[in-house]
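A closer look at the structure
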Amino acid sequence: MTVSMVTSRKGGAREAMIAATRKLRTAAEKSGAESVVLSHVTVGPDTGQWVIRITCTNWEAFGKAMQAASNDPAAQEAIAGLDAISEVVARRVLVGVDL
């Protein structure tokens, strides 16, 4: 059962978002996240928004990763970099269902 934090953002040029998300990925994976994915919405009411998905293997790993990231200056710097170029419009936590 994976646990993912999905953040939607508006604004931010493509290259700037890629660079900032790479910094976030480095910090998140160091903190225990399994993966970080950046996507660009191309169709639908949220067209043009960016979606960042941070995935952990389970709730325990998610909690540890979030706690570690909250104490990591590199993670805080990465988030500040994203905040400087884009605005958070939504955040969700998703729990995968094992089929």
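Our subject in this report is the structure included herewith. For every chain, the first residue of the written sequence is number 1, and numbering continues from 1 onward in sequence order. At least 70 in pLDDT is required for a residue's local features to be given in this predicted model, at least 80 for side-chain atom pairs to be given and counted, and no such filter applies to totals for whole chains, interfaces and linings, which use all residues. In computing side-chain properties, one takes all heavy atoms of the structure into account and sets aside hydrogens as well as water.

**Concerning the overall build of the chain**
Note the following rule: Helix and strand assignments follow DSSP, with helices taken as H or I runs no shorter than four residues and strands as E runs no shorter than two, numbered in order from the N terminus. The quantity called the radius of gyration is restricted to C-alpha atoms. Its globule counterpart is 2.2 Å times the number of residues to the power 0.38. In this description, accessible areas are obtained by the Shrake-Rupley approach with a 1.4 Å probe, and a residue is regarded as covered only by the protein chains that are shown. Positive charges come from Lys and Arg, negative ones from Asp and Glu, while His and the chain ends are left out of the count. The atom standing in for a charge is NZ when the residue is Lys, CZ when it is Arg, CG when it is Asp and CD when it is Glu.
Counting its secondary structure elements, the chain contains three helices and four strands. Taken from N to C terminus, the helices and strands of the chain fall in the order β-α-β-β-α-α-β. At 13 Å, the chain has a C-alpha radius of gyration in line with the 13 Å of a compact globule built from 99 residues. With the C-alpha coordinates aligned to their principal axes, the bounding extent of the chain is approximately 35 × 35 × 15 Å. Carbon and sulfur atoms provide 56% of the accessible area of the chain, an area that totals close to 5,900 Å². The positive charge centre, built from 11 side chains, and the negative charge centre, built from 10, are 3 Å apart in the chain.

**What about the packing of aromatic side chains?**
To be explicit about the condition: Within 6.5 Å between ring centres, the rings of Phe, Tyr and Trp (the latter by its six-membered ring) count as paired, and their orientation is classed by plane angle as stacked under 30 degrees, edge-to-face over 60, tilted in between. Only protein chains enter the accessibility calculation, which uses a 1.4 Å probe; a residue whose area is less than 20% of its type maximum is buried, one above 50% is exposed, and one in between is partly exposed.
One pass over the structure, following the stated rule, counts one aromatic pair. Look at Trp59 and Phe62: their rings are 5.7 Å apart centre to centre, the planes differ by 90°, and that puts the pair in the edge-to-face class. Placement of both Trp59 and Phe62 in helix H2 (residues 59-70) is noted, with a separation of three residues, approximately one turn of the helix. A residue is classified by how much of its surface remains accessible, and Trp59, at 44% relative accessible area, is partly exposed. Owing to a relative accessible area of 10%, Phe62 belongs among the buried residues under this scheme.

**Topic: the packing of helix H1 (residues 14-30) against helix H3 (residues 73-85)**
Quick reminder of the rule: In this description, a line fitted to the C-alpha atoms serves as the axis of each element, helices being fitted only across the stretch in contact, and the angle between N-to-C directions of two axes falls anywhere from 0 to 180 degrees. These descriptions rest on fixed angle ranges, namely under 35 degrees for roughly parallel, over 145 for roughly antiparallel, 65 to 115 for roughly perpendicular, and the rest for oblique. Two helices crossing with the near one rotated counterclockwise from the far one by less than a right angle form a left-handed crossing, whereas a clockwise rotation gives a right-handed crossing. Contact between two residues is taken to exist if any of their heavy atoms lie within 4.5 Å; hydrogens are not considered. The residue classification treats Ala, Val, Leu, Ile, Met, Phe, Trp, Tyr, Cys and Pro as nonpolar and Asp, Glu, Lys and Arg as charged. All others, Gly included, are polar.
Across the interface, H1 lies against H3 with an axial gap of 8 Å and an inter-helix angle of 160°. By the angle between their directions, the pair H1 and H3 is classed as roughly antiparallel. Viewed along their axes, H1 and H3 form a crossing whose handedness is left-handed. Counted together, Ala16, Met17, Ala20, Thr21, Lys23, Leu24 and Ala27 of H1 and Ala74, Ala75, Ala78, Ile79, Leu82 and Ile85 of H3 form the full contact between these two elements. Counted by class, the contact of H1 with H3 contains eleven nonpolar, one polar and one charged residues.

**Structural notes on the layout of surface pockets**
One simple way to see leftover space: roll a probe sized like a water molecule over the atoms. How we decide: Site definitions follow a grid-based scheme: protein atoms alone, a 1 Å grid, a 1.4 Å probe that fits but cannot get out for cavities, and for pockets an open set with protein on both sides within 12 Å along at least five of seven lines, plus lining residues having an atom within 4 Å of a point. Grid points are joined across faces, edges and corners, and a volume is the space filled by probe spheres set on the points.
Computed from the structure, the largest pocket encloses a volume of approximately 300 Å³. Forming the walls of the largest pocket are 19 residues, and the residues nearest its centre are Met5, Leu24, Ile54, Ile79 and Arg91. Looking at the lining of the largest pocket, the elements with two or more residues in it are strand E1 (3-10), H1, strand E3 (50-56), H2, H3 and strand E4 (87-95). The element best represented in the lining of the largest pocket is H3, accounting for five residues.

**Considerations on the pattern of salt bridges**
Spelled out, the test is: We count a salt bridge whenever a side-chain nitrogen from Lys or Arg sits within 4 Å of a carboxyl oxygen from Asp or Glu.
Tallied over the entire structure, the rule returns five salt bridges. For Glu87, the salt bridge goes to Lys10, with nearest N and O atoms at 4.0 Å. With Glu87 in strand E4 and Lys10 in strand E1, this pair connects stretches of sequence that are 77 residues apart. The partner of Asp72 in a salt bridge is Lys30, and the shortest N-O contact between them spans 3.7 Å. One end of the pair, Asp72, is in the loop between H2 and H3; the other, Lys30, is in helix H1, and 42 residues separate them in sequence. A relative accessible area of 64% places Lys30 in the exposed class.

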